Amino acid sequence: MDIGELVRGIQSGDNDAFARLYELTRRSVYFTAYAVCREKYAAESVMQDTFVKFYENIQSVDSKHNPYSYLLTIARNLSLNYVKREKLRVSVEPEKVDYVKSDDDLHRDGGLTDFAARVLSEREFRVLMLCAVHKFKRREVGKMLDMPTATVTWTYNKAISKLKKKLEEEE
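This structure is a prediction, so every number in the text was calculated from the model and none was measured.

Conventions we followed
Residues numbered from 1 in each chain as written. Predicted model: local features only at pLDDT ≥ 70, side-chain atom pairs only at ≥ 80, totals over all residues. Heavy atoms only, no water. 1 Å grid on protein atoms, 1.4 Å probe; cavity = no way out; pocket = protein on both sides within 12 Å on 5 of 7 lines; lining within 4 Å. Points joined across faces, edges and corners; volume = space filled by probe spheres on them. Helix = DSSP H or I, 4+ residues; strand = E, 2+ residues; numbered from the N terminus. Nonpolar A, V, L, I, M, F, W, Y, C, P; charged D, E, K, R; others polar. Axes fitted to C-alpha atoms, helices over the stretch in contact; angles between N-to-C directions. Parallel < 35°, antiparallel > 145°, perpendicular 65-115°, else oblique. Left-handed = near helix turned anticlockwise from the far one by under 90°. Contact = heavy atoms within 4.5 Å.

Participant: Give me the lowdown on empty space enclosed by the protein, citing residues and values where you can.
Facilitator: For the coordinates displayed, the defined rule picks out one cavity of 30 Å³ or more. In this structure, the largest cavity occupies an estimated 40 Å³ of space. Every residue along the wall of the largest cavity is listed here: Ser28, Phe31, Thr32, Arg126, Met129 and Leu130. Elements with a contribution of two residues or more to the lining of the largest cavity: helix H2 (15-37) and helix H7 (122-133). In terms of residue class, the lining of the largest cavity is made up of three nonpolar, two polar and one charged.

Here it is as structure tokens:
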């Protein structure tokens, strides 16, 4: 079942269709949010807000015009709003808080996803996650991100090269 069919099901009141849509798209929505926020908990919060907003506006979603892209756009916009709000917050100076880890400790504790999010641009990270983690074909990623397939391939290869180079530097 494709996403358009699931959207039509949700619009007609099928709550199981929403559960299937969530399971099908949650990882992509999470990684879209994570690419912008660069924080796990923020990305999880944005992911939940994305699905709430999508559901609240489900009747206005056109199931024939890439609802998946619309869902990821909501995630990206909510993530950008989160980042803007966070910039306005007053932060505590790390020197005054004794339990804050050093940058080296934070880097060692993070996984490969955290490493990639730190090293890559938002665009490179999104392409990498969609191609490598979610196993979408590059032409599918191009449609989702409104990019030519050649640009997706170039961005993906650039991201892999950047990661390899950074890993070699840190060894």
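Let us keep going from here.
Participant: Tell me about the packing of H7 against helix H8 (residues 138-145), residues and numbers included.
Facilitator: Following both chains from N to C, one finds H7 and H8 inclined at 135 degrees, their axes separated by 10 Å at the closest point. When the axis of H7 is compared with that of H8, the two are oblique. For the element pair H7 and H8, the recorded crossing hand is right-handed. Residue-level inspection shows Arg126, Val127, Leu130 and Cys131 of H7 in contact with H8, the latter providing Arg138, Val141, Met144 and Leu145.

Participant: Provide a residue-level description of the layout of surface pockets, including the pertinent values.
Facilitator: Quantified by volume, the second largest pocket comes out at close to 300 Å³. Forming the walls of the second largest pocket are 13 residues, and the residues nearest its centre are Ile3, Asn66, Tyr68, Phe136 and Met144. Those elements that place two or more of their residues in the lining of the second largest pocket are helix H1 (3-11), H2, helix H4 (67-88) and H8. In terms of residue class, the lining of the second largest pocket is built from six nonpolar, three polar and four charged.

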